[in-house]
Amino acid sequence: MNTHVTIVGAGLGGLTLARVLYVHGIPVTVYEAESSPMARAQGGMLDIHDYNGQLALETAGLTEEFRGLILEGRQATRVLDRDGTVLFDQPDDGTGGRPEVQRGALRQILLDSLPADTVRWNRKVSGVRALGEGRHEVTFVDGGTVTTSLLVGADGAWSRVRPLLSDATPEYTGRSFVETYLYDADTRHPAAAKAVGGGSMFALAPGKGIQAHHESGDTLHTYVALTESQDWFATIDFTDSAAAAARIVREFDGWAPELTALITDSDTALVLRPLTALPIGHGWDRVPGVTLLGDAAHLSAPNGEGANLAMYDGAELGKALAARPDDIEAALTEYEQAMFPRGAEAATDGTQLHEFLFGDNAPHSLVAAFLADDQTP
Ligand SMILES: Cc1cc2nc3c(=O)[nH]c(=O)nc-3n(C[C@H](O)[C@H](O)[C@H](O)COP(=O)(O)OP(=O)(O)OC[C@H]3O[C@@H](n4cnc5c(N)ncnc54)[C@H](O)[C@@H]3O)c2cc1C
């Protein structure tokens, strides 16, 4: 295929597509808003699943590099009641299909696998315009433009490419996460570290929860979940971290101190992350010369699949284009016809997972789900 592929967004999805195209000798450029790979902390541990994320990395020829990133023992999972009682505790015996890696390290192996000039940093797209016959013009905030015969929006939740295909925009799900980090946990925060254990911990009650990961470098990374309106969160001044922590922890009155410490002892400023989603089953009629992948196509509330799906989309789209070098439209049709139901199914499963996590029977609903199918999110 001689068509030069233009990707907007160097997240895990866009980079996986770029890598698969590169492996097949298809010319590609990725335009990324961030100024460098280090511009933003790529915090967070991701479990990479054997049925999507790992397959994508295999298609990208990066399985060995991925294996080198796996954090041993981090697949351990436990569910706690609000008083700290352990209701479910599954150690990591090394046989699970969801090994954990740091997101930044995963992004880096993808970047390292591409020629240096593939990703153009500091190129934030401000808008896109159809030129006809499958061609598009991409405009950057610096005033520059490029034209392309194949444009892929891998630019996440607030995609600038999406309006070429659909009017949908993400809507607030009714729930937000508040993010905290506790560093040097074993020595500085031993009670909280013990409560979290070696991997993932879910302390839950209807409508709320404290979910933490024991990450590399002895860091406890926590998402505090609250089912509240955006107006409710707007009354909290997150620029005053101590006051914000004091307000958030009031919602966990009576919870075990080793759990509330994950809020009040944060070593970083609390960050509010409103959870937004596209409508389940979001799709569009085929538009020549452009498509979307990952969150740009099927953003849903975090359910442990988003990064995996973005990479899988990227790999599948890359394979489809490589298999049909003379018929881009057929390749895009094939990719989208499989991607739409895949995204919808994951979003539906995610809605059910949120019910297990935060519904009226939490935390027992999550324990029952784990016991029923030995599934961890
Ligand atoms: C709190 C939270 C926790 C999560 N936990 C998990 C988890 O444990 N496991 C999991 O699988 N998923 C998780 N997810 C979901 C996951 O983060 C996303 O689904 C995944 O990152 C989507 O990848 P992507 O490549 O489609 O988009 P993104 O990762 O959003 O990448 C998009 C890229 O495009 C760039 N960009 C955006 N706009 C422009 C523009 N105008 N011009 C140029 N570049 C642009 C961005 O800077 C970014 O680099 C979580 C999400 C949240 C919010």
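Keep in mind that what you see is a predicted model, and the values were worked out from it rather than measured. (Residues numbered from 1 in each chain as written. Predicted model: local features only at pLDDT ≥ 70, side-chain atom pairs only at ≥ 80, totals over all residues. Heavy atoms only, no water.)

Chemist: For the sheet that holds strand E5 (residues 86-90), give the residues involved together with the corresponding values.
Modeler: One open sheet accounts for 7 strands, arranged E5-E4-E13-E14-E15-E12-E16; its pairing is mixed. Strands at the two margins of the open sheet, each flanked by one partner only, are E5 and strand E16 (271-277). Strand-to-strand twist of the sheet, defined as the mean angle between neighbouring strand axes without regard to direction, takes the value 20°. Sheet topology note: the strand E4 (residues 77-80)/E5 ladder contains 4 bridges and is antiparallel. Paired with Val79 across the strands is Phe88, a residue of E5. Sheet strands in contact with helix H13 (residues 364-373) are E4, E5 and strand E13 (200-205), and its direction is about 30° off that of E5. (Pairing = 2+ DSSP bridges. Helix = DSSP H or I, 4+ residues; strand = E, 2+ residues; numbered from the N terminus. Axes fitted to C-alpha atoms, helices over the stretch in contact; angles between N-to-C directions. Contact = heavy atoms within 4.5 Å.)

Chemist: How would you explain the environment of Ala243 if you had to name every residue and give the values?
Modeler: Looking at the secondary structure, you find Ala243 in helix H8 (residues 241-249). Separated by 31 residues in sequence, Ala243 and Pro274 place their C-alpha atoms 19 Å apart.

Chemist: Got a sec to walk through the nonpolar core? Specific residues and values, please.
Modeler: By size, the foremost hydrophobic cluster in this structure holds 60 residues, and its most contacted members are Val5, Ile7, Ile48, Phe66, Leu106, Leu317 and Leu321. Ranked by size, the runner-up nonpolar core spans 31 residues in total, among them Ala185, Ala193, Val224 and Ala244. (Core = buried A, V, L, I, M, F, W, Y, C linked by side-chain atoms within 4.5 Å. Buried < 20%, exposed > 50% of the residue type's maximum accessible area, 1.4 Å probe, protein only.)

Chemist: Could you give an account of the domain arrangement of the chain, naming the residues involved and the relevant values?
Modeler: By a widely used convention, the size of an interface equals the accessible area lost when the partners come together. Taken domain by domain, the chain consists of domain 1 (5-71 + 100-170 + 279-356) and domain 2 (171-277). The C-alpha centroid of domain 2 is placed 29 Å from the C-alpha centroid of domain 1. The interface is formed by 15 residues belonging to domain 1 together with 15 residues belonging to domain 2. Counting each side, the surface lost to burial between domain 1 and domain 2 is near 1,100 Å², with a carbon and sulfur contribution of 58%. Among the residues of domain 1 in contact with domain 2, Met45, Pro170 and His354 are the three that bury the most area, contributing 37% of the side total. In this structure, the connection of domain 1 to domain 2 is made through 0 salt bridges. Joining domain 1 to domain 2, the criterion identifies 3 residue pairs in polar contact (both at pLDDT 80 or more). Classifying every residue of the side of domain 1 that touches domain 2 gives 8 nonpolar, 6 polar and 1 charged. (Domains from an automatic or database assignment. Buried area = accessible area lost by both parts, 1.4 Å probe. Salt bridge = Lys/Arg side-chain N within 4 Å of Asp/Glu carboxyl O. Polar contact = N/O pair within 3.5 Å; in protein donor to acceptor, adjacent residues only side chain to side chain. Nonpolar A, V, L, I, M, F, W, Y, C, P; charged D, E, K, R; others polar.)

Chemist: An account of the packing of aromatic side chains is needed here, citing residue identities and associated values.
Modeler: Counted under the stated rule, the structure contains 8 aromatic pairs. Residues Phe202 and Phe370 carry aromatic rings whose centres are separated by 6.4 Å and whose planes lie at 70° to one another, so their mutual orientation is edge-to-face. With a gap of 168 residues between them, Phe202 in strand E13 and Phe370 in helix H13 connect regions that are remote in the sequence. On the accessibility criterion, Phe370 (3% relative accessible area) is buried. Judged by centre distance (4.8 Å) and plane angle (85°), the rings of Trp284 and Phe340 are edge-to-face. Of this pair, Trp284 sits in the loop between E16 and strand E17 (290-292) while Phe340 is found in helix H12 (residues 328-358), placing the two residues 56 residues apart along the sequence. A relative accessible area of 17% places Phe340 in the buried class. These aromatic residues form a ring-pair network of at least three members: Phe88, Phe202 and Phe370. For the cation-ring pair, Arg123 lies above Phe140, with the distance from its terminal atom to the ring centre recorded as 4.0 Å. (Phe/Tyr/Trp six-rings, centres within 6.5 Å; stacked < 30°, edge-to-face > 60°. Lys NZ or Arg CZ within 6 Å of the ring centre and 35° of its normal.)

Chemist: Talk me through the site of the ligand; I want residue IDs and the actual numbers.
Modeler: If you check the shell around the ligand, you find 32 residues, and the closest are Glu32, Arg103, Val125, Asp295 and Ala307. Contact distances for the ligand include 2.9 Å between a nitrogen atom and a backbone N or O atom of Val125. The fraction of the free accessible surface of the ligand (1,000 Å²) that becomes covered by protein chains is 82%. Every element with two or more residues in the shell around the ligand is listed here: helix H1 (12-23), strand E3 (45-47), helix H4 (103-112) and helix H11 (306-323). (Near = heavy atom within 4 Å. Areas by Shrake-Rupley, 256 points an atom, 1.4 Å probe, with all protein chains shown as cover.)

Chemist: Could you give me a rundown of H13, with the residues and numbers involved?
Modeler: All of the buried residues in H13 are Ser365, Leu366, Val367, Ala369 and Phe370. The secondary structure elements touched by the buried residues of H13 are E4, E5, E13 and H12.

Chemist: Would you mind going over the pairing of E4 in detail, with residue names and values included?
Modeler: Burial along E4 is two-sided: Thr77 and Val79 facing one way and Arg78 and Leu80 facing the other are all buried. Linking two consecutive strands that pair antiparallel, namely E4 and E5, is a turn of 5 residues; a positive phi of about 95° is found at Gly84 within it. Bridge analysis of E4 against E13 gives 4 bridges, and the strand direction is parallel. Paired with Leu80 across the strands is Ala203, a residue of E13.

Chemist: Can you tell me about the sheet that holds strand E9 (residues 135-140), naming the residues and giving the values?
Modeler: The strands making up a sheet are joined through hydrogen bonds of the backbone, oriented either antiparallel or parallel. Spatial ordering of the open sheet is given by E8-E9-E10, a layout of 3 strands whose pairing is antiparallel. Edge strands, defined here as strands with exactly one partner in the open sheet, are strand E8 (125-132) and strand E10 (145-148). Within the sheet, the average angular offset between the axes of one strand and its neighbour, ignoring direction, is 20°.

Chemist: So what's going on with the environment of Thr139? Residues and values would help.
Modeler: By secondary structure assignment, the location of Thr139 is in strand E9. Of the residues examined, Thr139 reaches a relative accessible area of 23% and is grouped as partly exposed. Separated by 10 residues in the primary sequence, Thr139 and Arg129 have C-alpha atoms spaced 8.3 Å apart. Contact partners of Thr139, with chain neighbours within four places excluded, come to Lys124, Val125, Ser126, Gly127, Gly144 and Thr145.

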